[in-house]
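Letter by letter, the chains look like this.
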2 protein chains.
Amino acid sequence: MIRQIVLQVGEREVAWPTELFLYLADRAQHVTELIQPALRSGMLVLCDRFMDSTVAYQGYGRGVDLAMLRRLNDIASWGIVPDLTFLLDCPVEIGSSRTRQRFQTASSVTRAPDAEPEGLDRFERERLDFHEKVRQGFLEIARAEKDRFVILDARQSVAQLHDEIKRVVEERLMA
Amino acid sequence: MIRQIVLQVGEREVAWPTELFLYLADRAQHVTELIQPALRSGMLVLCDRFMDSTVAYQGYGRGVDLAMLRRLNDIASWGIVPDLTFLLDCPVEIGSSRTRQRFQTASSVTRAPDAEPEGLDRFERERLDFHEKVRQGFLEIARAEKDRFVILDARQSVAQLHDEIKRVVEERLMA
């Protein structure tokens, strides 16, 4: 329900504090209901986006104070920090064109190639300079926490990335 | 939509950080869309509950750090602080029995007098000791900001309270 509010709000402008607090609310409930019980029962939890996304998007992207975001992240995730984080990094233009392709493939309607794809959420419609700030943010976070992060070149093929991730997971988490 | 999530969630336990962030998101959007434009156009804005409720419920009631709540309040309300705040204070037992009465009057079904009233939201179902902490929190906040607060004895009649509020508003805001 929270994700629907923040991603699909159409007729209204979502203020950045609203966006920030909704993401934190979503994370808090997700960690409480799903991640914490899973970790307690000894499971390995794989999560697509977590606290680093808040720092990258809201902090580096929108300019919210980084120290305060880290404190809010701590509250929202009850202090849980991933043991291992993969950053799949690629130039903004490539990421953006992949997103557009995904929607064009999914769509059955033929459109002019430069038409604005339908179905993109608010973040995917943001301009390239915003995404560039977010990308540099992710890279700075990763460089500051070298032990936790593995930066991968996302221009590689799916098969190559799969092999590399598998190798690192086996080495670091299964040892 | 946000209020519906936080008040009417039935089958799930809402974690306190989820609750806190949802209220802040709600406040941020409300201030951005409604209060700020109204103040800019010279209107007088009357608001039923605002930032003090966050400090009283989440801070004094649930034990969240007060200094951090004040910082989050600042972000959610873009630094806007009311010129005048009325605290309608009464003993917790009276407030609680009024709430129950309100629902019994609204309901057309005859029930045993000690039955749990239907339709109460999560806060109204909280136990009395929680409401006592919240009450003491409101009183501390009010005493710390004597210039902004007017504490009223809510055991008075509606007519008496109306007269007193009207007198203070005319004296302080219309002068």
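Owing to the predicted nature of the structure, the values given are computational and were not obtained by experimental measurement.

**Observations concerning unusual backbone geometry**
Residue and element names in this part refer to chain A. Positive phi values are uncommon outside glycine, yet Arg 49 reaches one of about 80°. On the secondary structure map, Arg 49 appears in the loop between helix 2 (16-40) and helix 3 (51-61). With phi around 50°, Trp 78 is a residue other than glycine that occupies positive phi space. Considering the arrangement of structural elements, one finds Trp 78 in the loop between helix 4 (66-76) and strand 1 (85-89). Since its relative accessible area comes to 34%, Trp 78 is described here as partly exposed.

**Side note on the packing of helix 4 of chain A against helix 2 (residues 16-40) of chain B**
Where helix 4 of chain A contacts helix 2 of chain B, the axes come no closer than 9 Å and their chain directions differ by 135°. Judged by the inter-axis angle, helix 4 of chain A sits oblique to helix 2 of chain B. Contacts between helix 4 of chain A and helix 2 of chain B involve A:Leu72, A:Ile75 and A:Ala76 from the first element and B:Trp16, B:Pro17 and B:Phe21 from the second. Residues of the contact of helix 4 of chain A with helix 2 of chain B, tallied by class, amount to six nonpolar, no polar and no charged.

**Points about the side chain of A:Asp52**
Tracing the sequence through the fold places A:Asp52 in helix 3. If near-sequence neighbours (up to four positions away) are discounted, A:Asp52 is found in contact with A:Thr85, A:Phe138, A:Ile141, A:Arg148 and A:Phe149.

**As for the pattern of salt bridges**
Oppositely charged side chains can form a pair if their charged atoms are brought close together. Counted according to the given criterion, the structure contains 16 salt bridges over all chains. A:Asp129 is the partner of A:Arg127 in a salt bridge, and the nearest nitrogen-oxygen pair spans 3.5 Å. Residue class for A:Asp129 comes out partly exposed when judged on its relative accessible area of 43%. One salt bridge in this structure joins B:Arg155 and B:Asp153, with 3.0 Å as the shortest N-O distance. What you see here is one network of salt bridges that share partners, running through A:Asp52, A:Glu145 and A:Arg148.

**Notes on the pairing of strand 1 (residues 85-89) of chain B**
All names here are of chain B. Burial along strand 1 is one-sided: the face carrying Thr 85, Leu 87 and Asp 89 is buried and the face carrying Phe 86 and Leu 88 is not. Note that strand 1 and strand 2 (residues 149-153) share five bridges and pair parallel. Opposite Leu 87, over in strand 2, you have Ile 151 as the bridge partner.

**A short note on the nonpolar core**
The biggest cluster of nonpolar side chains holds 34 residues, and the ones touching the most others in it are A:Phe21, A:Leu22, A:Leu72, B:Phe21, B:Leu22 and B:Leu72. Looking at this core, the elements with two or more residues in it are helix 1 (2-8), helix 2 and helix 4 of chain A together with helix 1 (2-8), helix 2 and helix 4 (66-76) of chain B.

**Digging into the interface of chain A and chain B**
Many authors give the size of an interface as the accessible area that is lost as the parts come together. At the junction of the two partners, chain A supplies 25 residues and chain B supplies 25 residues. Together chain A and chain B conceal approximately 2,300 Å² of surface at their shared face, both sides included; 76% is due to carbon and sulfur atoms. For the interface between chain A and chain B, the tally reads two salt bridges. In this structure, A:Asp65 and B:Arg71 form a salt bridge, with 3.6 Å as the shortest nitrogen-oxygen distance. Counting across the interface, chain A meets chain B through four residue pairs in polar contact (both at pLDDT 80 or more). With 11 residues, helix 2 of chain A is the largest single contributor of residues to the side of chain A that touches chain B. A per-class count over the side of chain A that touches chain B returns 17 nonpolar, three polar and five charged.

**Digging into the environment of A:Gln36**
Residues and elements named next belong to chain A. By the secondary structure assignment, Gln 36 is in helix 2. A C-alpha to C-alpha distance of 33 Å links Gln 36 and Ser 96, two positions 60 residues apart in sequence. Among all residues touching Gln 36, those that are not within four sequence positions of it are Val 31, Trp 78 and Ile 80.

**Digging into the side chain of A:Glu19**
Of note, A:Glu19 is situated in helix 2. A polar contact of 2.8 Å, which involves the side chain of A:Glu19, links it to the side chain of A:Arg62.

**Looking at the confidence of the model for chain A**
Of the residues in chain A, 85% have a pLDDT of 70 or more, and the chain-wide mean is 86. Model confidence for the complex: the whole-complex pTM is 0.79, and ipTM, which rates the interface, is 0.77.

**Topic: helix 2 of chain A**
Residues lying three or four places apart along an α-helix face the same way, a consequence of the helix completing one turn every 3.6 residues. All names here are of chain A. Its 25 residues place the ends of helix 2 34 Å apart at the C-alpha level, agreeing with the 36 Å of an ideal helix rising 1.5 Å per residue. Maximal helix bending in helix 2 amounts to about 45°, located at Val 31. Just downstream of helix 2 lies Gly 42, where phi reads positive at about 85°.

Cut-offs and rules
Residues numbered from 1 in each chain as written. Chains lettered and ligands numbered in written order. Predicted model: local features only at pLDDT ≥ 70, side-chain atom pairs only at ≥ 80, totals over all residues. Heavy atoms only, no water. Helix = DSSP H or I, 4+ residues; strand = E, 2+ residues; numbered from the N terminus. Buried < 20%, exposed > 50% of the residue type's maximum accessible area, 1.4 Å probe, protein only. Axes fitted to C-alpha atoms, helices over the stretch in contact; angles between N-to-C directions. Parallel < 35°, antiparallel > 145°, perpendicular 65-115°, else oblique. Contact = heavy atoms within 4.5 Å. Nonpolar A, V, L, I, M, F, W, Y, C, P; charged D, E, K, R; others polar. Salt bridge = Lys/Arg side-chain N within 4 Å of Asp/Glu carboxyl O. Pairing = 2+ DSSP bridges. Core = buried A, V, L, I, M, F, W, Y, C linked by side-chain atoms within 4.5 Å. Buried area = accessible area lost by both parts, 1.4 Å probe. Polar contact = N/O pair within 3.5 Å; in protein donor to acceptor, adjacent residues only side chain to side chain. pLDDT = per-residue confidence, 0-100. Expected span 1.5 Å × (residues − 1). Bend = angle between axes of the 7 residues up to and from the residue.

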